[in-house]
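Observations on the model geometry
Now for the letters of each chain:
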Amino acid sequence: MFKINNQITRNQYMFIIQNSIIGVGILSLASGVCKVAKQSGWISVLVAGIYPIYICIVAALIYRNTNYNEFLETNKRIWGKFLAYIFTIFFFINFIFFSSFVLSGFANVLVFTTTKFLSPHTIIVITVILTYFTINYGLTNIGRLSELLFYLTILILIIPFYFINKGHITNLLPLFDDVSSIFKAVPETFFAYSGVEISLLIIPYVTDFKKVLSSGVIGSLITIFIYTLTVLLTINYCGHILTSKLQYPLLYLVAGADLPVLSNFEPLFIFLWGNKIFQTLAVGGYGLSYTLSKIIKKSYNRCCLYSCLIIMFVSSMLVPEHTRTMVIDKVEPYLVGFILVYSTLTLILSYFKGGKTFEKN
Amino acid sequence: MKKISLVLLFMLIFTSCYGKPSIERTSVIAGIGHDIDKDKTLSSSFEFIVFKSQNVVDKSVVTTKGKSIFEMFNKRLLITKRRHLPGTVRTLLISEERGKFGISDIIDAFLRDQERNLNTTVAVSKQRTEEILKLNAKDSNTMAEEIEDLIKSSYEANFTQRDTNIKDFFNMYYQEGRHIMLPYIEKYKDTVKLSGIAVFKKDKLIFTIPEEDTKYINLLRNEKAQGYLTFFDENSKSIDLFCNSRRNVKVDINDNKITYNIYLLIYSSVKEANIDDAQELTKDKLIELEEKYSNELTKQLQEIADKYQNKYGTDIFDVQKYAVAKLGRDKIDFIEENFINSNIKISAKIKILSPGRIIR
Amino acid sequence: MMEKLTKDIFSNLEFITSTIPSNFNFIKREIDLNNKTCFVLFISGIADKNLVEEYILKPLLNSNIKAKNQDIIDEILKKHLYSSDVSVTNSIPDIALQLISGKSIILIDNCDAAIVCNTTNNNYRQIEESTSEKSVYGIRESFTENLELNLTILQRKVKNPNLKLEKYIIGEKFKSELVLVYIDGVIDPQVLTNIKARISNLKIPAAISSGVLEQFLDMRTYNIFPLSKSTERPDKVIFDLLEGKAAIFLSETPSALILPATFFEFFQGFEDYSERTITANFSRLMRFIAIITVMVLEPIYLVLLIYNPELFPYKLMSVIISSRQNIPLPPLLEILAMDVAVEILREGGLRLPNPIGTTLAIVGGIVIGDAATKANLVSPATLFIVAITVISTFIIPNYQMALTIRFIRFPMIILGQMFGFFGLLIGFYFLLIHLTKLESFGIAYFSPIVPSRFKDLLDAFIRAPLKEALKEPKSLKPSQKSPKN
């Protein structure tokens with residue numbers, strides 16, 4: 001029934017990378033880093049930005065060395081058939097976690113703020129249906145949506161900008177109180193920066209391979225900029241103690257904006273941000289369906305249905321926010337660690353095994 | 001088509017009536033007042049708007065007592081006839097007695113409850129809040145709105161602090177080296193007036209600054225403020241200046257002794273000059289006046305600063321945060337303890353920008 | 001069933017008669033040409049009797065034909081017929097088709113071919129000023145039901161040798177002529193191929209109007225957005241042809257279909273280009289505000305009333321609550337009832353004669369609104385919101401798009417009632433999915449925003465100075481890859 005089209009342009013790749021990183025993390029990021037790094041939390045966010053940039057560069061290099069074959073083919077060439085399947089399954093699990101974290105977080109935030117009357121499970125079910133519609137048409141449609149929603153990102157930034165001279169610089173000083181704590185806070189950002197792994201899957205579908213590397217880096221840089229800026233503005237206004245006490249510091253900031261027309265800009269923010277979340281979910285869902293279809297060798301469309309059901313089921317279990325936070329804290333460092341190790345090793349091996357042309361099917 | 005109908009079916013299954021009372025059964029809470037009774041039971045008063053019929057508006061106050069904030073809330077729901085929206089509160093009023101007892105529960109309730117508005121005005125009252133909220137409002141529907149308007153309009157003069165919102169209140173509570181300082185109002189004839197500043201240490205009110213010093217404390221404390229300054233000459237004739245002040249703080253540390261340098265730059269325009277030597281306000285004359293009054297003001301402010309520093313040993317000038325920013329967050333205890341021994345140096349500089357419509 | 005003419009004139013006549021219904025106005029005029037039986041066939045009414053008499057009967061009856069057998073056709077064509085538009089055919093279905101489109105057929109004994117002579121009745125409505133698409137400036141002509149006249153208007157204005165007119169015959173139950181017009185070299189070859197393929201594969205029972213044709217051209221039955229726009233005004237057609245689009249003219253319909261169409265051009269008034277840049281931008285901005293108002297104002301108002309009243313500013317909240325005292329209807333029904341009443345009035349106004357229609361819409365609106373508030377059925381605030389929405393719908397320049405936008409607010413209201421702000425979010429995102437997925441003959445519907453063509457954005461939300469705005473849009477040329485993508 002649905003035609004799948006997977007080709008994306010270079011710009012769309014950039015926007016997908018940018019969108020896939022921004023997610024629920026942006027709301028709670030400041031809280032986690034301030035708990036450890038105090039007023040220098042924003043520096044931790046900046047430092048942790050190395051992770052997405054690194055993944056983007058590595059992904060681009062791996063595919064350059066192996067002539068842009070599909071993910072599974074590339075893996076088979078580098079790791080052999082058995083390990084390639086193991087890694088695909090690992091990515092499958094990674095995207096299950098990623099999508100479920102995002103979805104359950106989204107449901108929690110909505111129930112926490114504007115739609116207190118809905119049960120989080122209702123929100124999860126409806127969002128999953130929307131995600132299904134988005135991913136069913138393939139990567140091209142996701143790319144187009146990302147491109148469109150990128151412009152909304154700019155709007156998201158406007159409300160925090162209202163606070164740019166409302167805070168006090170003393171809240172940010174001294175810049176480097178305790179350098180080691182800045183690095184200790186880096187793991188707190190892993191969840192916020194996860195999602196960039198999609199670049200390991202989608203690069204072969206970019207129509208123009210020439211500047212894939214720089215597009216990925218630019219996409220990551222935009223996100224890093226947004227993250228750092230929001231965390232910086234939050235700390236500048238609230239101070240690090242209050243920031244670390246709040247569950248969603250950015251929402252607190254938005255709710256505090258005293259502007260005419262609406263008494264509270266939280267719903268407007270949720271509205272803009274919710275679109276980004278749908279997009280992030282679509283990227284996660286795409287990664288999930290893509291790896292699933294490679295593993296069980298079924299058509300992509302059918303796998304979309306399966307993966308949506310999986311996301312729905314897993315995220316329903318993560319519903320109260322503290323459960324979700326606990327699971328994230330436990331799981332995320334391993335996922336990130338594994339992806340770092342995997343990508344580094346693959347990069348090194350790709351220099352030896354790549355190079356020869358391999359027929360693309 | 002099948003898919004669409006499936007989606008619709010899902011939606012119908014997952015939604016139903018949520019049992020929310022409609023908006024016309026809602027009442028708008030304008031103000032909340034917190035008091036304490038003699039036997040340490042809490043008491044809170046709610047002022048809300050009553051809608052009788054279309055375009056007929058009245059107000060009403062309900063007071064309940066209890067051991068915790070939400071016990072009082074429960075009791076209130078037994079009395080009131082409509083749903084209450086906590087998100088609309090204009091003014092949070094805390095009585096002086098309640099402030100002395102401690103307000104950490106109020107801070108927590110207002111910060112934790114997602115439904116609360118972050119733009120509520122906070123003030124401390126001398127009398128019981130119940131008494132104040134029950135007054136008849138003159139130019140608004142409710143007392144709470146009047147108190148809010150009173151505080152907002154006071155920014156124009158007396159250098160009154162602008163950080164009276166509840167989010168500023170949270171900031172003052174949670175940021176290191178700062179103290180909660182709130183406008184202090186009292187009943188005046190049949191209405192209320194602004195009469196000073198209430199100073200908290202942690203969550204407890206420790207003292208209030210009387211009306212006559214308020215202007216100068218505000219001038220020292222606020223980064224940006226505006227108000228009128230009056231200087232008298234020997235013949236008790238006066239000159240009035242309308243001033244916009246800018247504050248700049250520098251912290252020096254010498255052998256564990258902290259010196260706070262407060263630089264005040266005040267841009268002013270002459271509003272009234274009934275002094276003998278003001279025959280013609282030439283540039284030279286203005287410079288002379290600037291210098292004279294700068295020195296006078298510096299002296300005056302230094303006296304007040306020394307007085308409050310020695311009397312209470314608490315930073316009411318909002319300068320400790322600069323020391324924290326300079327020394328590091330872990331030195332906060334040291335800074336707090338040594339405030340009484342530290343130096344506060346004030347230098348005020350008045351610049352007269354305009355002599356007004358008449359020049360001679 | 002015979003397909004070709006034979007030498008036997010009577011059997012030919014019989015077959016032709018059998019293929020077309022033997023109506024009373026099917027005229028078989030027998031004449032004698034130098035002792036040969038000859039029939040002039042035409043359908044009176046569609047064919048102009050005067051023309052038949054003037055161009056065919058008069059010269060033939062006064063002639064002295066010498067040629068024999070097949071040469072006789074040649075001689076008649078060359079020496080006797082006064083008509084300029086003649087042809088020869090021997091296929092019976094073709095003859096039948098020509099007859100019902102107003103041509104006259106000359107059958108001659110002993111000839112297995114027939115002469116087709118154009119005697120079509122050209123008595124159509126005169127060129128008038130368009131009533132549905134008025135403009136302050138711009139030309140006053142509008143298309144009529146006469147296909148040839150329409151093409152004439154167009155060709156007279158576009159003096160470009162590359163203007164191509166291609167004719168297709170469509171329709172299964174009955175045939176209609178369809179003319180595809182485009183400027184060769186300006187239109188993108190890929191788009192052109194798409195359009196031609198779609199027209200050739202068109203399975204349409206009968207092309208009654210351009211609206212019907214438009215729906216058959218779009219294969220998605222449940223798509224609510226128009227993928228091509230129809231217009232009555234030649235200047236709009238010319239403008240779009242110059243941008244690299246094609247126009248489809250259908251016989252017997254007074255409007256042209258322009259395709260492909262993108263989402264944003266439905267909100268660009270044609271007047272935007274005749275006004276000064278700044279004022280044109282202002283009206284374009286107003287239009288976009290109006291569109292957003294139509295889609296979301298009522299749903300947001302509803303959500304605020306039911307679920308999030310704390311979001312009203314404090315002063316507004318007391319006004320709204322006090323205005324809603326003693327209103328028996330819940331907000332949803334209140335809004336829907338007002339909306340339905342207004343839509344009915346609008347539809348009623350459309351059917352009634354023009355002056356009465358407008359009066360009905362205005363007076364009806366005022367009277368019903370006033371009565372409803374006086375009777376305490378509807379709160380004044382709701383009435384105000386509904387009125388703003390309805391007025392805003394009139395600002396959308398394109399009628400089809402206005403209908404679509406107006407429709408969208410109803411699902412939005414329902415979603416808002418069910419899920420609050422989350423419902424609006426779902427609705428909005430679903431629209432986005434749908435719009436980005438849509439393609440109109442190979443052009444992304446949401447271009448130039450997706451895929452981004454930054455140069456083209458100068459004529460999407462804003463109208464840049466004409467020098468920029470009138471450049472051929474890149475987004476209409478998918479086969480030319482821009483260097484950036």
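Residues numbered from 1 in each chain as written. Chains lettered and ligands numbered in written order. Predicted model: local features only at pLDDT ≥ 70, side-chain atom pairs only at ≥ 80, totals over all residues.

We count it as follows: UniProt positions are given in the numbering used here, feature names are shortened, and annotations may be inferred rather than shown by experiment.
Its UniProt record gives chain C a comment under Sequence similarities (unreviewed entry), which states: "Belongs to the GerABKA family."

Looking up chain B in an unreviewed UniProt entry gives the name Spore germination B3 GerAC like, with the organism given as Caloramator australicus RC3. Per UniProt, the comment on chain B under Sequence similarities (unreviewed entry) is "Belongs to the GerABKC lipoprotein family." As its UniProt record puts it under Subcellular location (unreviewed entry), chain B is described as follows: "Membrane".

**Here we look at the overall build of chain B**
For clarity, the threshold we go by: Working definition: helices are DSSP H or I runs of at least four residues, strands are E runs of at least two. Numbering for both runs from the N terminus. Exposure is read from a count of other C-beta atoms within 10 Å of each residue's own; the residue is exposed at 12 or fewer, buried at 20 or more and partly exposed in between. C-beta atoms are placed from the backbone. Contact between two residues is assigned when their C-beta atoms, built from the backbone, lie within 7 Å.
Helices and strands together make up the secondary structure of chain B, namely eleven helices and 13 strands. Residues counted as buried form 40% of the 360 residues belonging to chain B. Taking contacts inside chain B between residues at least 6 apart in sequence as the whole, the part at least 24 apart equals 68%.

**A few points about the interface of chain A and chain B**
Applicable threshold: Classification used: nonpolar for Ala, Val, Leu, Ile, Met, Phe, Trp, Tyr, Cys and Pro, charged for Asp, Glu, Lys and Arg, polar for all others including Gly.
Counting residues at the interface gives 22 residues for chain A and 20 residues for chain B. Those elements that provide at least two residues to the side of chain A that touches chain B are α7 (120–136), α13 (240–245) and α14 (249–256) of chain A. By residue class, the composition of the side of chain A that touches chain B is ten nonpolar, nine polar and three charged.

**A few points about the environment of B:Lys193**
Along the chain, the position of B:Lys193 falls in strand β8 (residues 191–201). As for B:Lys193 and B:Gly177, which are separated by 16 residues in sequence, their C-alpha atoms are 30 Å apart.

**Let's talk about the nonpolar core**
Going by this rule: Think of a nonpolar core as buried Ala, Val, Leu, Ile, Met, Phe, Trp, Tyr and Cys residues, each tied to the set through C-beta atoms within 7 Å.
One finds C:Ala247 and C:Leu424 to be the most contacted residues of the largest nonpolar core, which totals 290 residues. When sequence neighbours within four positions are dropped, the list of residues in contact with C:Ala247 reads C:Val181, C:Val237, C:Asp240, C:Leu241, C:Ala256, C:Leu257 and C:Ile258.

**Side note on the domain arrangement of chain B**
All names here are of chain B. We apply this condition: Domain start and stop positions are those given by an automatic or database domain assignment.
Examined at the domain level, chain B breaks down into domain 1 (25–209) and domain 2 (216–360). Contacts between the two partners involve 18 residues from domain 1, matched on the other side by 22 residues from domain 2. Those elements that place two or more of their residues in the side of domain 1 that touches domain 2 are β8 and β9 (204–209). Here the residues of the side of domain 1 that touches domain 2 sort into eight nonpolar, six polar and four charged.

**As for the pairing of β8(B)**
All names here are of chain B. Quick note on the threshold: DSSP bridges decide pairing: two strands pair if at least two such bridges lie between them.
With eight bridges joining them, strand β7 (residues 181–188) and β8 adopt antiparallel strand pairing. Residue pairing in the sheet places Glu186 in a bridge with Lys193 of β8. Between β7 and the antiparallel strand that follows it, β8, lie two residues; Lys189 among them carries a positive phi value of about 50 degrees. Sheet topology note: the β8/β9 ladder contains five bridges and is antiparallel. Paired with Ala198 across the bridge in β9 is Thr208. The hairpin turn running from β8 into β9, its antiparallel successor, is two residues long, and Lys202 in that turn takes a positive phi close to 50 degrees.

**Re the environment of C:Gly138**
All names here are of chain C. Within the element layout of this structure, Gly138 appears in the loop between β5 (114–117) and α5 (147–157). Taking the C-alpha atoms as reference, Gly138 lies 25 Å from Ser251; in sequence the two are 113 residues apart. Not counting the four nearest positions on each side in its chain, Gly138 is found in contact with Asp235, Phe270 and Ser274.

**Considering helix α4 (residues 92–100) of chain C**
All names here are of chain C. To be explicit about the condition: The arc under discussion is defined with respect to the helix axis, by the directions toward the C-beta atoms.
All of the buried residues along α4 are Ile92, Ile95, Gln98 and Leu99. The buried residues of α4 occupy an angular sector of 120 degrees when the element is viewed end-on, so they sit on one face. Structurally, α4 contributes buried residues whose contacts are with α1 (9–19), β2 (36–43), β3 (86–89), β4 (104–108) and β5. Downstream of α4 by a residue or two, Gly102 has a phi angle that is positive, lying close to 95 degrees.

**Observations regarding the sheet that holds strand β10 (residues 256–259) of chain C**
Either a parallel or an antiparallel arrangement is found when strands of a sheet pair, and the pairing is made through backbone hydrogen bonds. Residues and elements named next belong to chain C. Worth spelling out the cut-off: Helix axes use the C-alpha atoms of the stretch in contact, all axes being lines fitted to C-alpha atoms, and the angles between their N-to-C directions lie in the range 0 to 180 degrees.
Strand order across the open sheet formed by five strands is β6-β7-β9-β10-β8, with antiparallel pairing between neighbours. On the outer flanks of this sheet lie β6 (163–170) and β8 (229–231), each paired with one strand and no other. Taking each pair of neighbouring strands and ignoring which way they run, the sheet shows an average axis angle of 25 degrees. Two strands pair when backbone bridges link them, and β8 and β10 are joined in this way by three bridges, in the antiparallel orientation. Counted as the bridge partner of Lys229 is Ile258 from β10. Sitting on the sheet, helix α6 (residues 189–200) is in contact with β6, β7 (176–183), β9 (246–250) and β10, with an inclination near 175 degrees to β7.

**Observations concerning the interface of chain C and chain A**
Accessible area lost during the coming together of the parts is what is often quoted as the interface size. Taken together, the contacts link 26 residues of chain C with 29 residues of chain A. A total of eleven residues in the side of chain C that touches chain A trace back to one element, the largest contributor, which is helix α15 (residues 421–437) of chain C. Here the residues of the side of chain C that touches chain A sort into 19 nonpolar, five polar and two charged.

**A closer look at the pairing of β7(C)**
All names here are of chain C. Summarising the sheet, β6 and β7 pair through eight bridges and their orientation is antiparallel. The residue of β7 that forms the bridge with Tyr168 is Leu178. Linking β6 to β7, which pair antiparallel, is a turn of five residues; within it Gly171 sits at a positive phi near 110 degrees. Judged from the four bridges that link them, β7 and β9 form a sheet pairing that is antiparallel.

**A look at the environment of C:Pro205**
Residue and element names in this part refer to chain C. Within the secondary structure, Pro205 sits in the loop between α6 and α7 (210–217). When the C-alpha atoms of Pro205 and Phe216 are compared, they prove to be 9.8 Å apart, with eleven residues separating the residues in sequence. Once residues within four sequence positions are removed from consideration, Pro205 is found in contact with Glu172 and Lys173.

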